[in-house]
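Structural description and commentary
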Amino acid sequence: MVTSVNVPRLVIAAPSSGSGKTTVATGLMAAFAERGLAVSPHKAGPDYIDPGYHALATGRPGRNLDAFMCGPELVAPLFAHGSAGCDLAVVEGVMGLYDGAAGRGELASTAQVAKLLRAPVVLVVDASSQSRSVAALVHGFASFDPQVRLGGVILNKVGSDRHEVMLREALEEAGMPVLGVLRRAPQVATPSRHLGLVPVAERRADALASVAALAEQVRAGCDLDALMALARTAPPLDCEAWAPVNPASPAFEARGPGRSAGGGAAPVIAVAGGAAFTFSYAEHAELLTAAGAEVVTFDPLRDEALPPGTAGLVIGGGFPEMYAPELSANEPLREAVAAFAAAGGPIAAECAGLLYLARSLDGKPMCGVLDADARMSERLTLGYREAVAVSDSPLAVTGTRLRGHEFHRTVIEPGAGAAPAWGFTHPERRVEGFVQGGVHASYLHTHWAAQPSVAGRFAEAAAATAAAKAAR
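We now turn to the structure provided with this report. (Residues numbered from 1 in each chain as written. Predicted model: local features only at pLDDT ≥ 70, side-chain atom pairs only at ≥ 80, totals over all residues. Heavy atoms only, no water.)

1. A look at the pairing of strand β12 (residues 268-272)
Of all five residues making up β12, five are buried, and the element is well covered by its neighbours. Neither face of β12 is open: one carries V268, A270 and A272, the other I269 and V271, and all of them are buried. Two elements, β12 and strand β13 (residues 294-298), share five bridges in a ladder whose sense is parallel. The residue of β13 that forms the bridge with A272 is F298. Considered for its hand, the β-α-β crossover made up of β12, helix α9 (residues 282-290) and β13 is right-handed. (Buried < 20%, exposed > 50% of the residue type's maximum accessible area, 1.4 Å probe, protein only. Helix = DSSP H or I, 4+ residues; strand = E, 2+ residues; numbered from the N terminus. Pairing = 2+ DSSP bridges. Right-handed = clockwise from strand over helix to strand, strands pointing away.)

2. Structural notes on the packing of aromatic side chains
Aromatic ring pairs are described here by two measures, namely the spacing of the ring centres and the angle between the planes. One pass over the full model with this rule turns up seven aromatic pairs. The interplanar angle of 65° and the centroid separation of 5.6 Å between the aromatic rings of F277 and Y356 together place this pair among those described as edge-to-face. Remark: Y356 occurs in helix α12 (residues 352-357) and F277 occurs in the loop between β12 and α9; sequence separation between them is 79 residues. Assigned by exposure class, F277 and Y356 land together as buried. These aromatic residues form a ring-pair network of at least three members: Y48, F279, Y281 and F319. For the cation-ring pair, R403 lies above F68, with the distance from its terminal atom to the ring centre recorded as 4.4 Å. (Phe/Tyr/Trp six-rings, centres within 6.5 Å; stacked < 30°, edge-to-face > 60°. Lys NZ or Arg CZ within 6 Å of the ring centre and 35° of its normal.)

3. Quick word on the environment of V337
Mapped onto the elements, V337 comes out in helix α11 (residues 331-342). Owing to a relative accessible area of 0%, V337 belongs among the buried residues under this scheme. Sequence separation of V337 and D392 is 55 residues, and the distance between their C-alpha atoms is 21 Å. Other than its neighbours up to four places away in sequence, V337 contacts L306, L313, I347, Y356, L357, C367 and V369. (Contact = heavy atoms within 4.5 Å.)

4. Some points on the layout of surface pockets
The probe, sized like a water molecule, is rolled over the atoms to show the empty space still left. Volume-wise, the second largest pocket comes out at about 840 Å³. Around the second largest pocket, the lining is made up of 40 residues, and of these T278, F279, S280, Y281 and A282 lie nearest the centre. Of all the secondary-structure elements, those providing two or more residues to the lining of the second largest pocket are α2 (49-58), β12, α9, β13 and β15 (347-350). Class assignment for the residues of the lining of the second largest pocket results in 24 nonpolar, 12 polar and four charged. (1 Å grid on protein atoms, 1.4 Å probe; cavity = no way out; pocket = protein on both sides within 12 Å on 5 of 7 lines; lining within 4 Å. Points joined across faces, edges and corners; volume = space filled by probe spheres on them. Nonpolar A, V, L, I, M, F, W, Y, C, P; charged D, E, K, R; others polar.)

Here is the structure:
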């Protein structure tokens, strides 16, 4: 049912990466949440790490809006789903305002997301090495696409009172409101590594302190009332909110809570979490639950057994390379995962999950499910992919098409005994991943909201596993 979404909203963008989008977006979310507002946090693009900080700032799941992986048509519905009942939504952009999927024009850019949401944009400008030139920069971004409504600027890394005066005078000439000024503040910087910020799960106490410091910095340097007034200028958004259901699939038929598609008890699907496996989209668990599964999280660093009754296993992305010795040392769990796979249990593994299922990672023994060895590499593999399933698996039948994202600094050297999972059709043609028994393992990150049948098929495979166990 099409409804009118009236949530006030802002898109936080920048001329380029490294300008301070995450600092400002997270600080704004936390500052408004401290005022007692229900703040809905969103991130443009495929990034998993920033939403963790957003969730810490707001107490709500951080959600991604990716126009490449999910399609432009799902951006507004996913936003409506995530922001339901909220007083304000803040969307952190990706890269520079107009940067998107390589060679695809505006596709998956922050600008496209802002237009699809009919949301005003606040441009975060790193002003550390400029004064009057800031007006030319901002003018260019404001005029490049007339459909993008640039509502104001937040100046970041301002060096002094005099520097601030010069910047304000230049932007006043350009007719662009200054909605905030942030001074250099290294004490609130968040640590990074080879794939971006260190995830919240790896530094929770320090992350809480960082978010609190960001809130204080934004509260002191930004005009929150003016920003809220700008957010309220967003017009109603008429769309049908996305929901974790798919009437076309039997796995998603309406049923009572805790019931599988066949009417039996809900199959337990164990989802890897903890510090080593932090990458997941909130909609995946929602889809599995809607398909009749009971989703239970476990930590491969700490838990020595799979959750009781496990009938399906999801091992997403993260940083297993940072925890290879600890993961290897948990031999009981590695053996449990290997036994589950050997019995034909359905396993969906993405990126970090692929490495964990390998025989070894940087020389440390892993689960040994796959006849393959993984190691760190100097080369970063990064980019959107168009893929087609080339082997039947618990996730997809041959021919299923999905869009995804690769982002890793490891390589895996396969042995024999497994079929490929995906055939990439763009931007290059190659096969990738493993399908072996009930295992689907790949470097490709996917967003199941774009293809809910993936979750339904996996839940059905888990239900079949649970039924077979019960019959023994």
